[in-house]
Structure formats: structure tokens, C-alpha cells
Amino acid sequence: QVQLVESGGGLVQAGDSLSVSCVASGRAFSAYVMAWFRQAPGKEREFVAGIGRWSDDFTVYTDSVKGRFTISRDNARNTVHLQMNNLKPEDTAVYSCAAGVRTYGRRPSDYDYWGQGTQVTVSS
């Protein structure tokens, strides 16, 4: 019942900033745990950041992006954002947002709905 659409990806240089967004349809957006995952060529999909239900009070980040990335949500607009600062070439990947009806997790299988993804490419 939930549709997710990402936007904001692009090609940037190392050290630059970029923000990606995810707009969700549905009637109960604020009740979903939301997360961003990424998948680079030849690699498994990995968890990037997650945010709890209802508010921004609970956020979790993978170690490689701590201090550089910030996840936030705007329940009134059914939107989640991922602000990415000081981007590195190793951040290059397709970034996808996900929504889950269960307890927060870091595995793709913890989430129930997925967007198509948006490409982020960071050149050296």
C-alpha cells in the first residue's frame, strides 16, 4: 500500500555535498520505520541510515557515514531525507529508501516497501 519515490542523486566530486529525498504515498507514513540503503556495483546492498517512527528522535547510522550523513523525516509531507556531506568515492552507489512496519533493523529483509533508487556517483 506504500509507494516510495527517490530523487536528488547525481554526479559530484569528493568532498561535495548532496541531498537525496524520498516521498511516500500511503495513509500511515508516520507509523513506519524508514531507512536508506545503498548498493554499489559488485557489492551487497548495505544499510546506511535509519530513523524511527513518528519523529527524528531515534536515528542510526552505519559507521562509515557517521558525522557526514544526516537522516530526517517530515511526516506532514510524507518525506524522508538523507543529507550527505563530505562525500567520498566509496559512497558511490544506488541509494534506495525503504519503509518498514516492524521494529527497526539493518537488514533489507526488515523492510517491506522499497523505492527504485537514485544514483549517487562521487568522483575523486
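Look up: the structure comes first, before these words.
Predicted model only: the values in this text are computed from it and were never measured. (Residues numbered from 1 in each chain as written. Predicted model: local features only at pLDDT ≥ 70, side-chain atom pairs only at ≥ 80, totals over all residues. Heavy atoms only, no water.)

(A) Focus on the overall build of the chain. A tally of helices and strands in the chain yields zero helices and 11 strands. Of the regular secondary structure in the chain, the N- to C-terminal order runs β-β-β-β-β-β-β-β-β-β-β. Relative to the globule expectation of 14 Å for 124 residues, the C-alpha radius of gyration of the chain, 13 Å, shows essentially globular dimensions. Looking at the chain as a whole, 43% of its 124 residues are labelled buried. Within the chain, contacts between residues separated by at least 24 positions form 56% of all contacts whose residues are at least 6 apart in sequence. Carbon and sulfur atoms make up 46% of the accessible area of the chain, which amounts to about 6,400 Å² in all. (Helix = DSSP H or I, 4+ residues; strand = E, 2+ residues; numbered from the N terminus. Rg over C-alpha atoms; globule rule 2.2 N^0.38 Å. Buried < 20%, exposed > 50% of the residue type's maximum accessible area, 1.4 Å probe, protein only. Contact = heavy atoms within 4.5 Å. Areas by Shrake-Rupley, 256 points an atom, 1.4 Å probe, with all protein chains shown as cover.)

(B) Looking closely at the side chain of Thr-118. Relative to the helices and strands, Thr-118 is located in strand β11 (residues 118–123). With a relative accessible area of 11%, Thr-118 lands in the buried category. In this structure the side chain of Thr-118 is engaged in a polar contact, spanning 3.1 Å, whose partner is the backbone nitrogen of Gly-9. Those residues within four positions of Thr-118 in sequence are excluded, and the remaining contacts are Glu-6, Ser-7, Gly-8, Gly-9, Val-20, Ala-93, Val-94 and Tyr-95. (Polar contact = N/O pair within 3.5 Å; in protein donor to acceptor, adjacent residues only side chain to side chain.)

(C) Layout of the pattern of salt bridges. Counted according to the given criterion, the structure contains seven salt bridges. As a salt-bridge pair, Arg-38 and Asp-91 come within 2.9 Å of each other at their nearest N and O atoms. Highlighted residues: Arg-38 in strand β4 (residues 33–39) and Asp-91 in the loop between β8 (79–84) and β9 (93–100), separated in sequence by 53 residues. Arg-38 gets classed as buried once you look at its relative accessible area, which sits at 5%. Exposure remark for Asp-91: the relative accessible area of 1% places this residue in the buried category. We note a salt bridge from Lys-66 to Asp-63, for which the minimum N-O separation is 3.0 Å. In this structure Asp-63 comes out as exposed when scored by relative accessible area, which is 61%. Look at the salt bridges and you will find they share partners, linking Arg-38, Glu-46, Arg-68 and Asp-91 into a network. (Salt bridge = Lys/Arg side-chain N within 4 Å of Asp/Glu carboxyl O.)

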